[in-house]
Amino acid sequence: MSINLLLVSPYSMNFFGGVQNQIDLIKTSLRGEDFNVKVLSPDSPDFNIGEAIKIPFNGSIAPIKLFPKRKIIKESLKWADIIHIHEPFIPLFFWRIPVNTKTIITHHSSISMLISSIQKMLIKNERKAAKITAVSNEAAKNVVQGLNVRIVPNAIAPEEMNIDFNTSRDILFIGRNERRKNFKLYYQLSELLKNSNYSFRAITNKNIRAPNVELYLNPDDEIKNEVLKISSIYLAVNTHGESFGITILEAINAGCIAVCSDITPFKDLLGDTGVYFKNNNLEDLKQTVERLFKSDMGAIYKKQKKHIDKYSLNKVMPSWISLYTQI
């Protein structure tokens, strides 16, 4: 007998994001297994709680539904054998979802201590969940103190694991035009190196004045993948507010070496295979990039590519199946 698995997301499935990406991967990979999988979220093709609106949250913009359709929520809960709630601390929505012995909760974000403290007081029923997971040690900080939490990292699709390193001198930025994504530092680097033979490209969501940078605004997946393939270095210049770094894994998958700010989540992600610079330090970033191009870049890339194999969906998915079948 198959299990009805309900994946619950506060974020609209019509917008790209790390949570939506992971929900899509879980749903797709369980197709044909002993599960019926549906999604409860704004703009879901299964259980649609309504059209999302974009609100500022945690230094970013969250496409969520503040007042979801109660009838749809009740219908979805009645259908489900197991409820897997993703990102429980997003405002208001999950306070309406019952938590009990058939519920799994997954924490994704790095949120401020103030927001985390307030919501831990409000969402006391997390203690009733069957299992609590987090995508990283950083995200696990959001879990109510004293509860057991299992780290199950975000995953990348295995069919994307077979691309060779690109030896070009193209340097890439990917991120929304938000302060914590730190496009400003990336642009400053392009200004410092504008008379060199480096090329600078950025995939972002808004037009930004950056004469030395070729911008790609909200490209589809095909164009995004092409830009990744022609790049050799991906710069993750984020300053804070990160819990994992799925874009770093995607860039390495596509043939780029990842150069990252030395924030803890990125160091946890890549370990000793990472290439790091001092957070928000332009001079150290410049020196790191210049040293890298004088190094054996092929060997560095191979180490990073081998390291990220542990995030392959083939390695991560058994953890989810194990949890789903234990409750």
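Bear in mind the structure is a predicted one, so any value in this text is a computation, not a measurement. (Residues numbered from 1 in each chain as written. Predicted model: local features only at pLDDT ≥ 70, side-chain atom pairs only at ≥ 80, totals over all residues. Heavy atoms only, no water.)

We now examine the environment of Val 39. Structurally, the position occupied by Val 39 is in strand E2 (residues 35-41). Taking relative accessible area as the criterion, Val 39 reaches 3% and is therefore assigned buried. When the C-alpha positions of Val 39 and Asp 24 are compared, they lie 9.1 Å apart, and in sequence the two are 15 residues distant. (Helix = DSSP H or I, 4+ residues; strand = E, 2+ residues; numbered from the N terminus. Buried < 20%, exposed > 50% of the residue type's maximum accessible area, 1.4 Å probe, protein only.)

Further remarks concern helix H10 (residues 297-307). Of all the residues in H10, the buried ones are Met 297, Tyr 301, Gln 304, Lys 305 and His 307. The buried residues of H10 occupy one face: seen down the axis, they fall within an arc of 160 degrees. Relative to its buried face, H10 has exposed residues pointing more than 90 degrees away, namely Lys 302 and Lys 306. Next to the buried residues of H10 lie strand E13 (233-236), helix H7 (246-253), strand E14 (257-261), helix H8 (264-270), strand E15 (275-277) and helix H9 (282-293). (Arc of directions from axis to C-beta. Contact = heavy atoms within 4.5 Å.)

For the rest of this paragraph, the subject is the environment of Ile 163. Locating Ile 163 in the fold gives a position in the loop between strand E9 (150-151) and strand E10 (170-174). Sequence separation between Ile 163 and Gly 298 is 135 residues, and the spatial gap between their C-alpha atoms is 13 Å. In this structure Ile 163 touches Lys 229, Asn 253, Ala 254, Gly 255, Tyr 301 and Lys 305, once residues within four positions along its chain are discounted.

It is at 11 Å that the axes of helix H1 (residues 18-29) and helix H11 (residues 313-326) come closest, and there the two elements cross at 75 degrees. Relative to H11, the element H1 is oriented roughly perpendicular. Where H1 abuts H11, its residues Leu 25, Ile 26 and Ser 29 lie against Leu 313, Met 317, Trp 320 and Tyr 324. (Axes fitted to C-alpha atoms, helices over the stretch in contact; angles between N-to-C directions. Parallel < 35°, antiparallel > 145°, perpendicular 65-115°, else oblique.)

A large share of E14 lies buried, amounting to five of its five residues. Where E13 meets E14, four bridges bridge the pair, whose relative direction is parallel. Within E14, the residue paired with Tyr 234 across the bridge is Ala 258. Traced from E13 through H7 to E14, the parallel crossover comes out right-handed. Pairing of E14 with E15, which is carried by three bridges, proceeds in the parallel orientation. Note on E15: the bridge partner recorded for Ser 261 is Phe 277. (Pairing = 2+ DSSP bridges. Right-handed = clockwise from strand over helix to strand, strands pointing away.)

Let's shift gears to the packing of aromatic side chains. Summed over the entire model, instances satisfying the criterion amount to 10 aromatic pairs. Seen from their ring centres, Phe 173 and Phe 183 are 5.3 Å apart, and the 80 degrees between their planes marks the pair as edge-to-face. One end of the pair, Phe 173, is in strand E10; the other, Phe 183, is in helix H5 (residues 183-192), with 10 residues separating them in the sequence. Residue Phe 183 is classed as buried on the basis of its relative accessible area, which comes to 7%. Through successive ring pairs, a cluster of aromatic residues spans Phe 173, Phe 183, Tyr 186 and Phe 200. The ring centre of Phe 293 lies 4.6 Å from the NZ or CZ of Arg 169, which sits over that ring. (Phe/Tyr/Trp six-rings, centres within 6.5 Å; stacked < 30°, edge-to-face > 60°. Lys NZ or Arg CZ within 6 Å of the ring centre and 35° of its normal.)

With 57 residues, the main nonpolar core has Ile 171, Tyr 186, Leu 235, Ile 248 and Leu 285 as its most contacted residues. Among residues more than four places away in sequence, those in contact with Leu 235 are Ile 171, Leu 172, Phe 173, Tyr 186, Leu 189, Val 259, Leu 285 and Val 289. Formed by 26 residues, the second largest nonpolar core is a distinct cluster that contains Met 13, Val 19, Leu 25 and Ile 64. (Core = buried A, V, L, I, M, F, W, Y, C linked by side-chain atoms within 4.5 Å.)

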